[in-house]
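Coordinate analysis (summary)
Residue-level listing of the chains:
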Amino acid sequence: MYGGIDLQRSLIEILTGLGLPADVAKVIWMLLPMAVMVLGVTVGALVCTWLERKISAAAQQRIGPEYAGPFGLLIPIADVAKLVIKQGTIPAKADPLLYTIGPALVFTSVFLCYLVIPFGQNLIISDIGTGVFFIIAISSVAPIGLLMAGYSSNNKYSLLGGLRAAAQSISYEIPLALAVLAVALMTNGLSTIDIVNQQAEYGILSWNIWRQPIGFVIFIIAALAECERLPFDLPEAEEELVAGYQTEYSGIRFAFFYGGSYANLLLAGLLASILYLGGWELPFPIDRISEALGIEANTAWWQVLAAFIGLTSTLVKTYAFIFFAILLRWTVPRVRIDQLLDLGWKFLLPIGLANLLITAALKLAFPFAFGG
């Protein structure tokens, strides 16, 4: 199996070669990827906002953004500039502490999940061995921030939006966890790196989407609900709640909600790629390509090229999910709150449990195909 480029070891060797102590080099290694990750996720979220406008314009047969830079590429930057310089206000009878902590909690919980997301074989900040469990646990904190924002705004629409967000998250968190647990059961581990490596042997034929089709559908539905995307955007349904829990927010506090929602959508796409679509793997094993070309897998330039191809593969799969989510927004109507809760508790939860039991049975009956 292709071992991938080891950026951590290479950077530490370069820094120690320049005369820095090994401990200092390790600290720099920890800080540098975090800065790159924050920058990369921010750019990725801004790209999502641009795609949202362009794809929705195409779906509605109208012209999307085009005057701010080529193809309207500067629109997301203008959005950020507007939100940063806009005055942030706090309602007169609001709780200022909870009102401020709420959006920060949502924003931080989403970004922390990226610590265990692999973009390539070794393109990950920390492979802690319990990666998917860490993501589920940390992402569960976000609804507390939404509820906090709705409660502290001193606005009935905001409070209803916060309560809806908490109910929706609880309803879909369990089916999502069951779908992920079935993948972890086949992998015999919770590491995001191990989950991708387990899908690498036979190329596209070994991707989990073929062995977990029901789990994949459950994951997609639950992920869209967790991201509050249509048809599950009830916490901020503009016809009913104006803008829900974020009605009273403006300026940088609103930017936390706005950026956090698109960063969450990007995270869902990355998880779909990692759990079901082979992550950074191509439809055919990349080490077979190096063998066919007679190239040693440890050759430096090949490692760099393979890492670039793996990163590109991950992003293509991720943005395919985002394209689907955006297109879905303009093609299906919003469900009612009772329909949303029924779908989560009466259908997805029992189907998720049945899928987990079937996976366990198949693992015992066909261990060579289901990770026994």
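Data block above holds the structure.
First, a word on what this report is: a plain description of the structure on this page. Every value quoted in this text rests on a predicted model; they were computed, and no experiment measured them. (Residues numbered from 1 in each chain as written. Predicted model: local features only at pLDDT ≥ 70, side-chain atom pairs only at ≥ 80, totals over all residues. Heavy atoms only, no water.)

Of the regular secondary structure elements, the protein holds 15 helices and zero strands. Taking the principal axes of the C-alpha coordinates as reference, the protein spans close to 65 × 55 × 45 Å. By the burial criterion, 48% of the 372 residues in the protein qualify as buried. For the protein, the share of sequence-separated contacts (at least 6 apart) that also reach a separation of at least 24 residues comes to 79%. When the accessible area of the protein is evaluated, it comes to approximately 17,800 Å², of which 72% is carbon and sulfur surface. The protein carries 20 positive and 25 negative side-chain charges, and their two centres are separated by 7 Å. (Helix = DSSP H or I, 4+ residues; strand = E, 2+ residues; numbered from the N terminus. Buried < 20%, exposed > 50% of the residue type's maximum accessible area, 1.4 Å probe, protein only. Contact = heavy atoms within 4.5 Å. Areas by Shrake-Rupley, 256 points an atom, 1.4 Å probe, with all protein chains shown as cover. Lys, Arg positive; Asp, Glu negative; His and termini not counted. Charge placed at Lys NZ, Arg CZ, Asp CG, Glu CD.)

To continue, consider the packing of aromatic side chains. On inspection of all chains with the given rule, the structure shows 11 aromatic pairs. Each ring, one from Phe216 and one from Tyr276, has its centre 5.3 Å from the other, and the planes form 70°; the classification is edge-to-face. Of this pair, Phe216 sits in helix α10 (residues 213-226) while Tyr276 sits in helix α12 (residues 251-276), and the two are 60 residues apart along the sequence. A single burial state applies to Phe216 and to Tyr276, both of which are buried. Each residue in the set Tyr99, Tyr245, Tyr249 and Phe257 is aromatic and connected to the rest through ring pairs, giving one cluster. (Phe/Tyr/Trp six-rings, centres within 6.5 Å; stacked < 30°, edge-to-face > 60°.)

This part is about the pattern of salt bridges. Considering all chains together, one arrives at six salt bridges under this definition. A salt bridge links Glu52 to Arg229, with the nearest nitrogen and oxygen atoms 2.9 Å apart. In this pair, Glu52 is assigned in helix α2 (residues 22-59) and Arg229 in the loop between α10 and α11 (238-241), connecting sequence segments 177 residues apart. The residues Glu52 and Arg229 share a single accessibility class, namely buried. Residue Lys346 is joined to Asp342 by a salt bridge in which the shortest nitrogen-to-oxygen separation is 3.6 Å. Here Asp342 and Lys346 lie together in helix α15 (residues 337-365), a separation of four residues that amounts to about one turn. The class for Asp342 is partly exposed, based on a relative accessible area of 30%. When salt bridges that share partners are traced, they join Glu52, Arg229 and Arg329 into one network. (Salt bridge = Lys/Arg side-chain N within 4 Å of Asp/Glu carboxyl O.)

Attention shifts here to the packing of α10 against helix α14 (residues 300-329). Two elements in contact, α10 and α14, have axes separated by 12 Å at closest approach and are oriented at 65°. The interaxial crossing formed by α10 with α14 has right-handed handedness. Only Phe321, Phe324, Ala325 and Leu328 of α14 make contact with α10, whose side of the interface consists of Ile220, Ala223 and Leu224. A class-by-class count of the residues in the contact of α10 with α14 yields seven nonpolar, no polar and no charged. (Axes fitted to C-alpha atoms, helices over the stretch in contact; angles between N-to-C directions. Left-handed = near helix turned anticlockwise from the far one by under 90°. Nonpolar A, V, L, I, M, F, W, Y, C, P; charged D, E, K, R; others polar.)

By definition, a disulfide links the sulfur atoms of two cysteines through a covalent bond. Under the definition given, this model contains zero disulfides. Unpaired in terms of disulfides, Cys48 finds its nearest cysteine sulfur in Cys227, a separation of 9.9 Å. Of all cysteine sulfurs in the structure, the one in Cys227 sits closest to Cys113, which takes part in no disulfide; the separation is 11 Å. Among the residues examined, Cys113 registers a relative accessible area of 0% and is labelled buried. (Disulfide = S-S within 2.5 Å.)

Take the nonpolar core next. Counting residues in hydrophobic clusters, the biggest one holds 62 residues, and the most contacted among them are Tyr114, Ile117, Phe219, Leu275, Tyr276 and Phe321. It is α12 that provides the largest number of residues to this core, a total of 12 residues. Residues Ala94, Tyr245, Tyr249 and Phe257 belong to the second largest nonpolar core, which totals nine residues. (Core = buried A, V, L, I, M, F, W, Y, C linked by side-chain atoms within 4.5 Å.)

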